[in-house]
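# Coordinates in review
Listed below, chain by chain, are the residues.
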Amino acid sequence: MRQTIRVMGLLVFVGGVWAGALAAQGQDCMLFSHEQLEDVRVNGIEMTEPGSYTVWVWSLDRAPLTLVAGDAVLESEANPKAAEGKYSWKNLGRVEVKESQILPVQIYTDSKGRTLQSRAVGWLALSRDLDCDFNALFEMARVFPDSAQAVQDARRGIVRRIEQYYEFPRYESMRAWLERKRELEIHILTSLGAYPMPDKTPLNAKIFGRIERDDYTVEKVYFESLPGFFVTGNLYSPKGKPGPYPAILCPHGHWAEGRLVNTENNSIPGRCISFARQGYVTLAIDMIGYVDSKQLTHKFGGEREWLWGLSLHGLQFWNSVRAVDFLLSLDSVDPGRIACTGASGGGTQTYCLTAVDDRIKFTAPVNMLSAHYQGGCLCENAPNLRIGANNVEYGAMAAPRPLILVCNPRDWTDETPRVEFPAIQSIYRLYDAPDRVSWVMIDADHNYNRASREAVYAWFGRWMLGENDPAKFKEQPFTMENVEDLRVFPGDLPEHAVNEEQLVKNWIAQSEAQFRSVFPTNQRLLQALRRRVRTSFEHVLGAKPPGIDELVVNRAGRVKKPSMIIEQVILGRRGVGDQIPCTILIPAELKGSAPGILLVHGEGKLGWFEPGGGQPGELVRALLAEGQIVMLADVFLTGEHDTPFEKAGRDTNAAHFLTYNQTDTALRVQDILTALAYLESRFDVSGVTLAGGGEAGLWCLLAAPLAPPLQGVLVDAAGFDSDDDQAYLRRLFVPGLRRAGDLRAAQAALAPVPLVIHNTQQAMETDWAAQAYQTAGVSDLFESVEQPVSADFVVQWIRDLRIR
C-alpha cells in the first residue's frame, strides 16, 4: 500500500521515525527526525523547488526556541505553565525560498549560549501546504500526541534465559495435561525440524570389528540417519544369556573423550559393559563432532540453517530416533523394552527423545533436568524450543513410563528432591503411578560415576528385568578396550559421506519435497495443507489469537469530530505485559454495526496518514467513506514503540536467545492476531478484514492463517522474493519458517478467504495460492498484482466483499 497512499509519496520512514525526503511531485513536505537534526545543522537542507514553506517543530513546551533558516529568524516562547515533559507542534512561521539552494538551518533553545537542548526538539518539518496541521495529525494518529514517551511494552525488557527459574504449571486433570502434552510434543518436533518427521531413509547399517569377552561382546557400528550422514558408536551385547534382550541407548555429554570417556567421574564403556553383563543390548553413540562423528563440528548451524528447521540439536535428536530404529532392526532386541540414559548433554538428548518417542519405555536423564538451568550448549538449544516451555515439562512427558532423576548437590540438579521431582510426580499421580518416578542424590560433582550408574542399574533392573534387589546390580570390575579397537573411522570416511554443504542442500531438498507433497491439487490435500500450516505456524511463530477473556484493553482517549469519532486504545494480553497502541476511526454518521478493517503498516500508524491538513491518507478516507470502521495498530517495535529520541529495540545478546524468545517478526504477528481479536470482539463491528502495507504486508500474511475467520485479506508483498533465503534473513526472520512452508503455505491456507497480494514485483511466488483457490472452486477470490494497487482498487474490492 505504501506507494498508493499520498503520505508515502511525500515521506520516507526510516527506522520507525520520520525522515526528510523529496515528494514525487516536489518538496510538498519534508520531515526530519531528531537524529537527523545534527546533519541538518552541519549540512543544511537541499531545496530543489522555490516557494513559501511553513516551518513546524515538535518541541518541549517549556523550552524557548529560535530557528534560523537562511535570513529568517523564527521564534517560539517558552510556556512555563506547561506540564513537565509536554511537547507540541509549533508553527514558527514561513521561510521564502526563491531558488534552488542549500538552506542553512540552526535551532537554539538558549538565546544566550546559542545551544540546543538534547531532547528539546523531536521533529522539524517544512511544508508548502498552507492547511498543514501537525497537531491535528498527532491527535488522530498517536495515543501519546504530546509526550515523548513510548508504550511500556514489557517484551522489550523481559528476556527469557538459560539460567532462570521456570515455574511448573499445576495440572488439575488428566485432560488438561494430555492437551498440554500434545501441544508440547508438536512444539518439540517443530523446534527440532521434525514436524513433519523427515523421511526415514535406509540405515545401511554396518556392524563389524567384533570383540569377544567372557560375558559380553562389543562391536563397531555405523549407520546413516540421513543419506551419507553417519551415526557412529559401539554396540555391547550380552553373551551366554537367552534373548531377545532389552536394549538401552546411551548418548553422551560434553566430556572431551565423548563415548570413550573412562574416568572416575564418568565411564561410558564401564556403563555399557555393565549393562551388557546384566542382559541388555547397549548402544553408545557419538554426539556430532565427537570421536568418529566428524562430518560436522559441534558448532554446526546458523540462521540460514535455522530457517529450514536444521540445527545441531535437531540433528542429534534425529540421530537418536534413527538409533532406536537401528536397535529395533536387531533380531536380538525386545521391541517392548527400550530405554535411554545419558548424563549432562546426554541427559538432554535422553529427555528430548523420551518426550516424543513412545518407543522409549524407560528413561534415566542424569545430572541434567532442572527448573533453573536449561542446558548451555548449542546442541541443547534449538531455536524456539523453550518459548513457552521448559525442561521440567519436557521431563514430565515421560509419564507414566518409569523415570529416575539422578542428581547431585553441586550442579543445577541440586534442588531436584524439592523442586523438579515433586513437579514431575504430580503428573505421574494423574496416571495413578507415583511410584514410577524416583530420584537419587549422589554426593559428587557433575557426573555419571559409579554410584550414579548403580542407581540407574537398579532402577532399570526393577522395571526392565523384574529384579527388585539393588544389591544384584553393583558394578563389577571392567576393562575398557583399547581406543583404537573401538574407533569406527580412525581413518577416512566412506566415499559417499556428505560434507556440511551437501547435508544442508539435501535437507532443504527433502523439506521441499515433503512440502510439495501437499500441493493442493484436490480437496484432501488442501485440507491437509491447512492443518499443517495452522499447527506448524503456531509453534514456529509462537503466536495464536487470544481469547476475549485474555484481552487487556486500556482506553486512552476519545474525540468526536464532524466527520469521524477517534478512539485511542492500548491493547495487550493478560499476564504478558505487551502494549499495542491503536487508533480506531469511526464514521460520524454510522448507526449500528459496520464492517471493520485492521490496517497495519511497517512504519506504524503514521504510515496511513498524510501531514497536509492533518488528516488520514487517501485510503483511510476512502474506507471511512465506505462506512468501514478503520483500526490502525502499532505492532511490536513500530510507531509509538519508538520515541522521537530513541528507536525501540531489545537486548538479544543472551546466550541462545532464539531458543527462549520470539523474533521481532513473530511478536509482530502476535500483535496482529491480538488486534484482530479485539476488533472482532467489538459490538459495533460486523466482520473483519485485514490489510498490511509495506513490510507489514508480510507480517499480515503470516498472521492471517492463524486468525479468526476473516472477510478478506489484502497485503503488500513489498517486492519480497519468497524463494530467497537471504530475503527471509534480512526482512522476515523466523526459525523454522521455510520448513513450515513459508509465505507460499500462508497464502494457500487462506483459501477460500478473498485474498489480494499486490506489489509482488514478479518476486513473490503465488502459484500455491492460485492452485489452492482453484481447488476450492473460488479462483476469482484470489488476485496477484505486480504493481501497488490504488485506493480506488481497494474500495472496489471492499464493495465486492459485501456483495459476496
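### Structural notes on the pairing of strand E6 (residues 65–69)
Within E6, 5 of the 5 residues are buried, which leaves the element mostly enclosed by the surrounding structure. With burial as the criterion, each face of E6 is covered, one bearing Leu-65, Leu-67 and Ala-69 and the other bearing Thr-66 and Val-68. Where E6 lies against strand E7 (residues 72–76), 5 bridges are found, and the strand directions are antiparallel. Note that in E7 the partner of Val-68 across the bridge is Val-73. Count of turn residues in the E6/E7 antiparallel hairpin: 2 residues, of which Gly-70 carries a positive phi of about 60 degrees. Both E6 and strand E10 (residues 105–108) contribute to a ladder of 4 bridges, which runs antiparallel. From the neighbouring strand, Thr-66 faces E10, where its bridge partner is Tyr-108.

### Notes on the pattern of salt bridges
On inspection of all chains with the given rule, the structure shows 51 salt bridges. The shortest N-O distance in the salt bridge between Asp-334 and Arg-337 comes to 2.7 Å. For Asp-664, the salt bridge goes to Arg-650, with nearest N and O atoms at 3.0 Å. Residue Asp-664 is located in helix H17 (residues 664–681), and its partner Arg-650 is located in the loop between strand E27 (629–633) and helix H16 (657–660); the two are separated by 14 residues in the primary sequence. A residue is classified by how much of its surface remains accessible, and Arg-650, at 17% relative accessible area, is buried. Counted as one network, the salt bridges with shared partners bring together Arg-304, Glu-512, Arg-516, Asp-723, Asp-725, Arg-738, Asp-742 and Arg-744.

### A few points about the packing of helix H18 (residues 696–703) against helix H20 (residues 742–749)
For any two helices packed against each other, the geometry comes down to the angle between their axes and how far apart the axes lie. Running from N to C, H18 and H20 point in directions that differ by 60 degrees, and their axes come no closer than 8 Å. Relative to H20, H18 is oriented oblique. The hand of the H18/H20 crossing is left-handed. Between H18 and H20, the contacting residues are Leu-698, Leu-701 and Leu-702 on the first element and Leu-743, Ala-746 and Gln-747 on the second. Residue classes in the contact of H18 with H20 are distributed as 5 nonpolar, 1 polar and no charged.

### A few points about unusual backbone geometry
Most peptide bonds take the trans form, and the phi angle of most residues other than glycine is negative. A cis amide bond links Tyr-195 to the next residue, Pro-196, at an omega of -5 degrees. Mapped onto the elements of the fold, Pro-196 is located in the loop between helix H4 (174–191) and strand E12 (206–212). Across the junction of Ala-399 and Pro-400, the peptide omega takes the value 5 degrees, indicating a cis bond. Looking at the element boundaries, Pro-400 is found in the loop between helix H9 (391–396) and strand E19 (403–407). Despite not being glycine, Val-291 shows a phi value in the positive range, around 50 degrees. When you line up the elements, Val-291 lands in the loop between strand E16 (281–285) and helix H6 (303–307).

### With respect to the packing of aromatic side chains
As enumerated under the stated definition, the model contains 25 aromatic pairs in all. Seen in terms of ring centroids, Tyr-222 and Phe-489 are 4.9 Å apart; in terms of plane orientation they differ by 50 degrees. Their pairing is tilted. A residue pair is termed long-range when its members are at least 10 positions apart, and Tyr-222 in strand E13 (residues 216–226) and Phe-489 in the loop between helix H12 (483–486) and helix H13 (500–516) qualify at 267 residues.

### Here's the deal with the nonpolar core
Counting 162 residues, the largest nonpolar core has Leu-598 and Ile-672 as its most contacted members. When sequence neighbours within four positions are dropped, the list of residues in contact with Leu-598 reads Met-631, Ala-633, Ile-672, Ala-675, Leu-676, Leu-679, Thr-689, Leu-690 and Ala-691. Counting 66 residues, the second largest nonpolar core, distinct from the first, contains Leu-31, Trp-123, Phe-138 and Leu-801.

### Quick notes on the confidence of the model for the protein chain
In this model, the protein chain carries a mean pLDDT of 93, and residues with pLDDT of at least 70 account for 95%. Note on residues 1–26: pLDDT is under 50 here. Beyond four places in sequence and across chains, it has 93 contacts.

### Details of helix H3 (residues 134–141)
Of all the 8 residues making up H3, 6 are buried; the element is thus mostly covered by neighbouring parts of the structure. Within H3 the residues assigned to the buried category are Phe-134, Ala-136, Leu-137, Phe-138, Met-140 and Ala-141. Residue Asp-133 occupies the N-cap position of H3, its side-chain oxygen lying 3.2 Å from the main-chain nitrogen of Asn-135.

### Side note on the sheet that holds strand E17 (residues 333–343)
Ordered by their spatial adjacency, 9 strands build an open sheet running E12-E13-E14-E16-E15-E17-E18-E19-E20, and the pairing between neighbours is mixed. Bordering the open sheet on either side are E12 and strand E20 (437–441), each of which pairs with just one other strand. With strand direction ignored, the average angle separating the axes of adjacent strands in the sheet is 20 degrees. Note: E17 against strand E18 (residues 362–366), 5 bridges, orientation parallel.

### Notes on the environment of Glu-77
Mapped onto the fold, Glu-77 is located in the loop between E7 and strand E8 (87–97). With 660 residues separating them in the primary sequence, Glu-77 and Leu-737 have C-alpha atoms 54 Å apart. What Glu-77 contacts, discounting residues up to four positions off in sequence, is Asp-61 and Pro-64.

### A few points about the side chain of Ser-320
With respect to the element layout, Ser-320 can be found in helix H7 (residues 312–328). Ser-320 sits in the buried class, given a relative accessible area of 1%. Setting aside residues up to four positions removed in sequence, Ser-320 forms contacts with Leu-249, Ile-285, Gln-349 and Leu-353.

### Details of the pairing of strand E3 (residues 29–33)
Among the 5 residues that make up E3, 5 are buried, leaving the element largely enclosed by the rest of the structure. Inspection of the sheet shows E3 paired to strand E11 (residues 121–127) by 5 bridges, in the antiparallel sense. Across the sheet, residue Met-30 finds its bridge partner in E11, namely Leu-126.

### Examining H4
Between its first and last C-alpha, H4 extends 25 Å over 18 residues, near the 26 Å set by a 1.5 Å rise per residue. Residues of H4 that are buried in the fold lie against H7, helix H8 (345–356), H9, helix H10 (420–430) and helix H14 (523–541). Downstream of H4 by one or two residues, Gly-193 has phi in the positive range, about 75 degrees.

### With respect to the environment of Leu-781
As for its placement among the helices and strands, Leu-781 is situated in the loop between helix H21 (767–775) and strand E31 (782–785). The exposure class of Leu-781 is buried, given its relative accessible area of 12%.

Procedures and definitions
Residues numbered from 1 in each chain as written. Predicted model: local features only at pLDDT ≥ 70, side-chain atom pairs only at ≥ 80, totals over all residues. Heavy atoms only, no water. Buried < 20%, exposed > 50% of the residue type's maximum accessible area, 1.4 Å probe, protein only. Helix = DSSP H or I, 4+ residues; strand = E, 2+ residues; numbered from the N terminus. Pairing = 2+ DSSP bridges. Salt bridge = Lys/Arg side-chain N within 4 Å of Asp/Glu carboxyl O. Axes fitted to C-alpha atoms, helices over the stretch in contact; angles between N-to-C directions. Parallel < 35°, antiparallel > 145°, perpendicular 65-115°, else oblique. Left-handed = near helix turned anticlockwise from the far one by under 90°. Contact = heavy atoms within 4.5 Å. Nonpolar A, V, L, I, M, F, W, Y, C, P; charged D, E, K, R; others polar. Phe/Tyr/Trp six-rings, centres within 6.5 Å; stacked < 30°, edge-to-face > 60°. Core = buried A, V, L, I, M, F, W, Y, C linked by side-chain atoms within 4.5 Å. pLDDT = per-residue confidence, 0-100. Polar contact = N/O pair within 3.5 Å; in protein donor to acceptor, adjacent residues only side chain to side chain. Expected span 1.5 Å × (residues − 1).

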